[in-house]
Amino acid sequence: MKKVLVIGAGEYQVPLIKRIKELEHAVYCIDGNSKAPGLKWADAFKIIDVRDKEACLAYAEEIGVDAVMTYGATITLPTVAYIGKRLGLPALDEKVAEISKSKFAIKQCLASGGLNMAGDFFALRDASDKSNKAIRIPCVIKPSDGSGSKGVSIVTDERNIDAAIEYAFDSARFGEIYVEGFIDGEEYSAEVFCGNGQKYVYAIVKTTFYRDDNGDLHYGHRVPSGLPREIELDIENEVLKAVDVLGITMGSVNFDVIVSNENKKPYIIDVGIRIGQNLIASHIVPLSRGVSELDSIIQLSLAQKPDIEPKYKKCIATRLLIYTPGVISAIKDYSDLIGRYNIIDIVLRKGVGDVLKPYKEKSDSCGWVLTCGDTPEEAEANAEAAKHLLSDYIIIF
């Protein structure tokens, strides 16, 4: 039995904490929130701000930990790296961990490393800064430390610039936003895992996002991507180059990539030095590629050598459960649907009594449905059908 310290005990860390327990190790947690959901699974915990490196290190030394890690978040990475460095435990390099907190800093690093860039980009630290910058339309305005599309706007009209800046600052925890050129193209995610001196592109995931003729929003992902192999190779080369430029040698990296309609080049528009959300790491990668990023990061943190090589390719798709705004009055038992209609899993994020707002970000949905198929197109069609089927099980008024 090893002693494992997990920095953070929020929703994203719960799968890690539970898995460590399943592997029969002792798990210790740190979180600034005494009601963090992962704490109930811990053998012991301490309430400390996860950004307080010295206090967290003192707790790690008190325990005598064999490993320190986090999962699904970037705010905790600098503390993990700090403890790892001082206790001689496997962890990200401290410089990499620090840069992970700022998407703008990451973009600067990629630009200096020769990655594909679409025009100028610049940071704003106050709304008045825009008077000193030439904001060209169309553009994208986003927080430097955002996640889950919070605070992100695509601006196509100069009259909307001020509102987009205000919206971005509202979600910027550290008071910085940035502006970049808009790229007209198709969006994909690339999930990369590094370890054992190797790096693999586990999946290139196609993102589907559109409104139908009735105004209903359809949002989800699928693998394989359906792209021609030469474009997939361009994406793989770009993201692997980015991994090297950023100096990442351990763990998961998730990239959002736009393939330009104009020149078919891939442009990295976002980097998360963490697992991909939206079920990408938790469901899509293990089911489509036969590898577990969760188990691999635990093994790497314990100085073990995991088998990180992909095993196969299968067709998987998801749909975000976006329904008419209202209050959830009832949820019928849907357990009998799993294993039928090509439904692999249903992941609900809402319960009875919860309010569904008009969709702006992923937290405004009910959750996800995950399906399979013989082709990517069939898997995606199955996901659409499953989303429609589940609307009869989630009663909204």
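Since the model is a prediction, treat every value here as computed from it, not as a measurement.

Rules used throughout
Residues numbered from 1 in each chain as written. Predicted model: local features only at pLDDT ≥ 70, side-chain atom pairs only at ≥ 80, totals over all residues. Heavy atoms only, no water. Buried < 20%, exposed > 50% of the residue type's maximum accessible area, 1.4 Å probe, protein only. Helix = DSSP H or I, 4+ residues; strand = E, 2+ residues; numbered from the N terminus. Pairing = 2+ DSSP bridges. Right-handed = clockwise from strand over helix to strand, strands pointing away. Contact = heavy atoms within 4.5 Å. Phe/Tyr/Trp six-rings, centres within 6.5 Å; stacked < 30°, edge-to-face > 60°. Lys NZ or Arg CZ within 6 Å of the ring centre and 35° of its normal.

### As for the pairing of strand β2 (residues 26-31)
Of all the 6 residues making up β2, 6 are buried; the element is thus mostly covered by neighbouring parts of the structure. Across the two faces of β2 the burial is the same, with A26, Y28 and I30 and V27, C29 and D31 all buried. Sheet analysis places strand β1 (residues 3-7) next to β2, joined by 5 bridges and oriented parallel. Bridge pairing links V6 to C29 in β2. The β-α-β motif built from β1, the intervening helix α1 (residues 14-22) and the parallel element β2 has right-handed crossover chirality.

### Looking at helix α3 (residues 77-87)
Most of α3 is tucked away: 8 of the 11 residues are buried. Here α3 has its buried residues at L77, P78, T79, V80, A81, Y82, I83 and G84. Where the residues of α3 are buried, they touch β1, α2 (53-63), β4 (67-69) and α4 (94-99). At the exit of α3 stands G88, carrying a positive phi of roughly 70°.

### Some thoughts on the pairing of strand β10 (residues 198-211)
Relative to β10, strand β9 (residues 185-195) is paired through 8 bridges, and the arrangement is antiparallel. Across the sheet, residue E191 finds its bridge partner in β10, namely A203. Hairpin geometry of β9 and β10 is characterised by an intervening segment of 2 residues between the two adjacent antiparallel strands and by a positive phi of about 60° at N196. In terms of strand pairing, β10 meets strand β11 (residues 217-223) through 6 bridges, oriented antiparallel.

### Points about the packing of aromatic side chains
Applying the stated criterion across every chain yields a total of 6 aromatic pairs. When the centroid spacing of 5.8 Å and the interplanar angle of 50° are considered together, the rings of F104 and Y178 count as tilted. Of this pair, F104 sits in helix α5 (residues 103-112) while Y178 sits in strand β8 (residues 177-181), placing them 74 residues apart in sequence. As far as burial versus exposure is concerned, F104 and Y178 are alike and both buried. With centroids separated by 6.0 Å and ring planes inclined at 10°, the aromatic side chains of F193 and Y202 adopt a geometry described as stacked. The class of F193 is buried, set by a relative accessible area of 0%. One aromatic cluster is present, built from ring pairs that chain together F104, F121 and Y178. Its end group placed over the ring of F121, K107 keeps NZ or CZ at 5.5 Å from the ring centre.

Treat this as a map of the structure, not an account of what it does.
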